[in-house]
Amino acid sequence: MDIRDLEALSWDLRQQTLDIIMAGGGGHIGGDMSLMNALLVLYENHLNITPATVNDPERDRFVLSKGHSMEAYYAVLCHKGFLDLRDVTERFSQFGSPYIGHPNNKLPGIEMNSGSLGHGLPVCVGMALAGKRSGKRYRVYTVMGDGELAEGSVWEGAMAAGHYGLDNLCAVVDRNRLQISGTTEEVMGHEPLAERFAAFGWNVLDVNGDSIAELDRAFAKAKETGGKPTVILSNTTKGYGSPLMENKAGWHHHLPSREEYEQIKADFAKGKEAARNGK
Amino acid sequence: MANKIPNRQAICEALMAHAETDPELFVLCSDSRGSASLAPFAERFPEQFVEVGIAEQNLVGIAAGLAACGKKAFVASPACFLSTRSYEQAKVDCAYSNTNVKLIGISGGVSYGALGMSHHSAQDIAAMSALPNMRVYLPSDRHQTKRLVEALLADEKPAYLRVGRNPVEDIYSEAACPFEMDRAVWLKGKGQQVKAALIACGEMVRPALEAANRLEGEGVAASVLDMYCVKPLDREAVIEAAKSADVVVTVEEHSVYGGLGSMVAQVVGEHCPRRVKCLALPDAPVITGTSPEVFAHYGLTGEGIACTVKELIK
C-alpha cells in the first residue's frame, strides 16, 4: 500500500484501538499509539502472513514482545481479516473472552503468547534459526518496548542472534522513551543504544518511527542486509496522535474519560485529514 | 554396581537413534553437552544441535521458537538451573504457548553432592508441576528412560524430565520394561493386601524396592509403585495401592513440600484416607556428601525406608 494511504489508514486504526480500549475498560494506550505505525507498515507492506497462510511453513513470523500493546495489535489483526473488529470490541477484557490484554496464540494469526517482557527476542532467535537450518526463506520480526530492554534475556537473545548471524531476523525497538515510572533514561538508561546493539553484532537503523515512510524504508533495508540481524530503533512518541496523551507517562495504561475520548477522537480526525492532504 | 550407563547417556542414545530418520529433532544445550552426555549427538548431528552458552532463559526461549516452527526441541541443562533460571520461559514460552519443548533436567536432585545447595534441585517437581500444561517425569532406570524419551518424541506437548548424574542399578531390562505413558508401574504386590504401599519416583524406586524385599524377608508385606509420571499422576494406581494397604509411604529425591508425597497425599486424602508418610529431603540445605551418603543420612535407603515402615505399622 502506498505511503499516503497507509498514513490515512493509520488514523482509522488508532480510532479503532481507542474504541477497543473504551469498551474493555482500559488499555495500554500510550504504547499502542507509539507502536501503531510499525505494526501497520509490517502487516501491510512486509509480512507475507494472511488469514489463508497462518499455518504455511513459509510464512513470515511476527512476535509481539511488548505484549501489552495488544489493543493496537487487535486493530491491525482485525484490519487484515484475522479477527472480527466488532467481536473484539464487544468482548475485549470481558468475562470468558479470548481477547485478553496480551497476545493469545489460540487466536488466528498470533504465533506466541507474551506479556512478560524479554521473551520475544529469544523466541524469534529460535524461529530464525529454524528457518536457516531448514533452508526456508521466511523472515522473523519482533517488536520490543524500550523499557523492556532492561530485561537481561533481551541481551542473551541479542548475543545469540549476532553469534549465529541471523540476517532473517529483524527486531524493532519502540523507542518512545517513557515507561511507567518516568523516562527510560531516568529509570534505567539505555544510551548509547545504537552502539550497544552494534557491539552485539547487529545492523542498526535509527529512524523516526512516527514516520510511516521512514519505517517502510527501514524494513526494506533490513531485508537487504546479509550476515547479521537488524534492529530498527524506531524513535516514536508515546501516545502519538493527540496532544492530550503525547509524552505523558500517566497514559501508559489508561481509560480516557468521555471528554478525553471526544478530544482524542477529534485529534485523530484532524490527523487523518492532514494525511489525506499530504501534510 | 553392574550398570555403568547413566540415564543421561540413555537419553542421548534414544535421541541419536531418532535423529537418524527425523531432521526435525533439535537438541539444545547451555554449555552442558558434556554433562548431559550429548557431545556425541552434537558431533553426529551438528545441524540439529544448538549451543546457546550459559544463558538458560535464552536456551528455553530459543527452544520454544524452534518448536513454534515445527521442530521437536529437546533442551538439556542442569536441573538446578533449568528449573529456576528459565522458569518463566518454561511457563510462558513452553507451557502457556503450548510449544513442543522437552526440558531435560540433568544431574537432578542432589547429584552434584558436595557442590552445595546452588547445584541441588530439590524444588523442580514442585515448580514444574504447578505450571498448567507442564508434565513432569522422573524415570527410575536407563531402560525406562529410553522408553520415556521415545514416548516424548512421539507427542507434541511440553514436558519436564529429570534424571540424575550417576548410573543407577537397573530396575528393568531391555527385554522386560513394561511401559505405558502416564501409567505407574507395579513392581510388587499388585492385587495383594499389604501392610504398606511404597510409592517412589526416579532414583528412589530402587531403595523402595529393596525396602519391600527386606520387609518381605521379615514377614511384612509391602507393595511398590514406580510413579515415574509425577504429573499427570497415575491417580488410579495411587488409589488402588492405598486401598490395599494400611499405610502409604512415598519416597523422593526432592523437598518434602510440593513433590510426589504432597501429590499422593492429596489423592489418598480425598479418595481413601490412610496414614501417609512422605520420605524426602528436608526443608533445609542438605548435608554435604555424595548422593549415597546424603540418601543414607536422610533415611532414603532400603534399610532406612524399611525402618520407617516398621515404625509406622507398630
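What you are looking at is a predicted structure, and each value in this text was computed from that prediction instead of being measured.

(A) View of the overall build of chain A. Counting its secondary structure elements, chain A contains 10 helices and seven strands. Expected size for 279 residues packed as a compact globule is a radius of gyration near 19 Å; at 18 Å, chain A falls within 12% of this value. Based on the C-alpha atoms only, the size of chain A along its principal axes is roughly 50 × 45 × 40 Å. Counting only residues that meet the buried cut, chain A has 58% of its 279 residues in that class. Within chain A, counting contacts between residues at least 6 apart in sequence, those at least 24 apart form 76% of the total. When the accessible surface of chain A is split by element, carbon and sulfur atoms take 50% of a total near 10,400 Å². Of the side chains in chain A, 29 bear a positive and 36 a negative charge, and the two mean positions are spaced by 4 Å.

(B) Structural context of the domain arrangement of chain B. Residues and elements named next belong to chain B. Under the domain assignment used here, chain B contains domain 1 (7-162) and domain 2 (185-313). With 27 residues of domain 1 at the interface, the matching set in domain 2 holds 27 residues. Between domain 1 and domain 2 lies a buried interface of about 1,800 Å² when both sides are counted; carbon and sulfur atoms form 60% of it. In this structure, glutamate 253 engages arginine 162 in a salt bridge whose closest nitrogen and oxygen atoms are separated by 3.9 Å. Counting every contact that joins domain 1 to domain 2 gives 17 residue pairs in polar contact (both at pLDDT 80 or more). Counting residues per element, the ones that place at least two in the side of domain 1 that touches domain 2 are helix H6 (124-129), strand S5 (135-137) and helix H7 (142-153). No other element matches H6, which puts four residues into the side of domain 1 that touches domain 2. The residue makeup of the side of domain 1 that touches domain 2, split by class, is 14 nonpolar, 10 polar and three charged.

(C) Inspection of H7(B) at higher detail. Residue and element names in this part refer to chain B. Taking 1.5 Å of rise per residue, the 12 residues of H7 would be expected to cover 16 Å, and the 16 Å separating its terminal C-alpha atoms lies within 8% of that figure. Within the sequence span of H7, burial applies to His143, Gln144, Thr145, Leu148, Val149, Leu152 and Leu153. Where H7 begins, one side-chain oxygen reaches toward the backbone nitrogen of histidine 143, 3.1 Å away; that side chain belongs to aspartate 141.

(D) Expanded view of the environment of Glu191(A). Residues and elements named next belong to chain A. Mapped onto the elements, glutamate 191 comes out in the loop between helix H7 (184-187) and helix H8 (193-199). Residues glutamate 191 and glycine 241, spaced 50 residues apart in sequence, show a C-alpha to C-alpha distance of 26 Å. Setting aside chain neighbours within four positions, we find glutamate 191 in contact with Arg175, Arg177, Glu185 and Arg196. Polar contacts involving the side chain of glutamate 191 include one to the main-chain amide nitrogen of leucine 193, which spans 3.0 Å.

(E) Inspection of the nonpolar core at higher detail. Formed by 110 residues in total, the largest nonpolar core has its most connected members in Leu169(A), Phe197(A), Leu15(B), Leu28(B), Phe41(B) and Leu103(B). For this core, the element with the highest residue contribution is helix H5 (residues 120-134) of chain A, accounting for eight residues. Split by domain, this core shows at least three residues from each of two domains, domain 1 (7-162) and domain 2 (185-313) of chain B. Ignoring anything within four residues of it in the chain, the contact list for Leu169(A) reads Leu121(A), Cys124(A), Val125(A), Ala128(A), Val140(A), Ala161(A), Trp202(A), Pro229(A) and Thr230(A).

(F) Up close: helix H10 (residues 260-271) of chain B. All names here are of chain B. Between its terminal C-alpha atoms H10 stretches 17 Å, which fits the 16 Å expected from 12 residues at 1.5 Å a residue. Considered for burial, the residues of H10 that qualify are Leu260, Gly261, Met263, Val264, Val267 and Val268. Taken around the axis of H10, the buried residues stretch over an arc of 165°, which confines them to a single face. Away from its buried face by more than 90 degrees, H10 exposes Gln266 and Glu270. In this structure, the buried residues of H10 make contact with H6, strand S8 (194-200), strand S10 (229-231), helix H9 (235-243), strand S11 (245-255) and strand S12 (275-281).

(G) Broad picture of the sheet that holds strand S1 (residues 61-64) of chain A. Residue and element names in this part refer to chain A. Spatially, five strands are ordered S1-S2-S3-S7-S6 in an open sheet, and the strand pairing comes out parallel. Each of the sheet's edge strands pairs with one partner strand only, and the pair in question is S1 and strand S6 (203-208). Across the sheet, the mean angle from the axis of one strand to that of its neighbour is 20°, orientation sign disregarded. Sitting on the sheet, H5 is in contact with S1, strand S2 (140-145) and strand S3 (169-175), with an inclination near 170° to S2.

(H) Spotlight on the packing of aromatic side chains. Here the structure, examined in full by the defined rule, presents 15 aromatic pairs over all chains. Between the aromatic rings of Tyr43(A) and Phe82(A), the centroid separation amounts to 6.3 Å while the plane-to-plane angle is 85°, which identifies the pairing as edge-to-face. A residue pair is termed long-range when its members are at least 10 positions apart, and Tyr43(A) in helix H2 (residues 29-46) and Phe82(A) in the loop between helix H3 (70-79) and helix H4 (85-91) qualify at 39 residues. Comparing Tyr43(A) with Phe82(A), the two get one shared label, buried. Seen from their ring centres, Tyr137(B) and Tyr228(B) are 6.1 Å apart, and the 20° between their planes marks the pair as stacked.

(I) Focus on the pattern of salt bridges. All names here are of chain A. Applying the stated criterion across every chain yields a total of 33 salt bridges over all chains. Glutamate 111 is the partner of arginine 59 in a salt bridge, and the nearest nitrogen-oxygen pair spans 2.8 Å. With arginine 59 in the loop between H2 and S1 and glutamate 111 in the loop between H4 and H5, the pair connects residues that are 52 residues apart, well separated along the chain. We classify glutamate 111 as buried; its relative accessible area is 13%.

(J) The sheet that holds S11(B), seen in detail. Residues and elements named next belong to chain B. Ordered by their spatial adjacency, five strands build an open sheet running S7-S9-S8-S11-S12, and the pairing between neighbours is mixed. If you trace the sheet from one side to the other, it starts and ends with strand S7 (185-188) and S12, each paired once. With strand direction ignored, the average angle separating the axes of adjacent strands in the sheet is 20°. Sheet topology note: the S11/S12 ladder contains six bridges and is parallel. The residue bridging threonine 250 from the neighbouring strand is cysteine 278, located in S12.

Conventions adopted
Residues numbered from 1 in each chain as written. Chains lettered and ligands numbered in written order. Predicted model: local features only at pLDDT ≥ 70, side-chain atom pairs only at ≥ 80, totals over all residues. Heavy atoms only, no water. Helix = DSSP H or I, 4+ residues; strand = E, 2+ residues; numbered from the N terminus. Rg over C-alpha atoms; globule rule 2.2 N^0.38 Å. Buried < 20%, exposed > 50% of the residue type's maximum accessible area, 1.4 Å probe, protein only. Contact = heavy atoms within 4.5 Å. Areas by Shrake-Rupley, 256 points an atom, 1.4 Å probe, with all protein chains shown as cover. Lys, Arg positive; Asp, Glu negative; His and termini not counted. Charge placed at Lys NZ, Arg CZ, Asp CG, Glu CD. Domains from an automatic or database assignment. Buried area = accessible area lost by both parts, 1.4 Å probe. Salt bridge = Lys/Arg side-chain N within 4 Å of Asp/Glu carboxyl O. Polar contact = N/O pair within 3.5 Å; in protein donor to acceptor, adjacent residues only side chain to side chain. Nonpolar A, V, L, I, M, F, W, Y, C, P; charged D, E, K, R; others polar. Expected span 1.5 Å × (residues − 1). Core = buried A, V, L, I, M, F, W, Y, C linked by side-chain atoms within 4.5 Å. Arc of directions from axis to C-beta. Pairing = 2+ DSSP bridges. Axes fitted to C-alpha atoms, helices over the stretch in contact; angles between N-to-C directions. Phe/Tyr/Trp six-rings, centres within 6.5 Å; stacked < 30°, edge-to-face > 60°.

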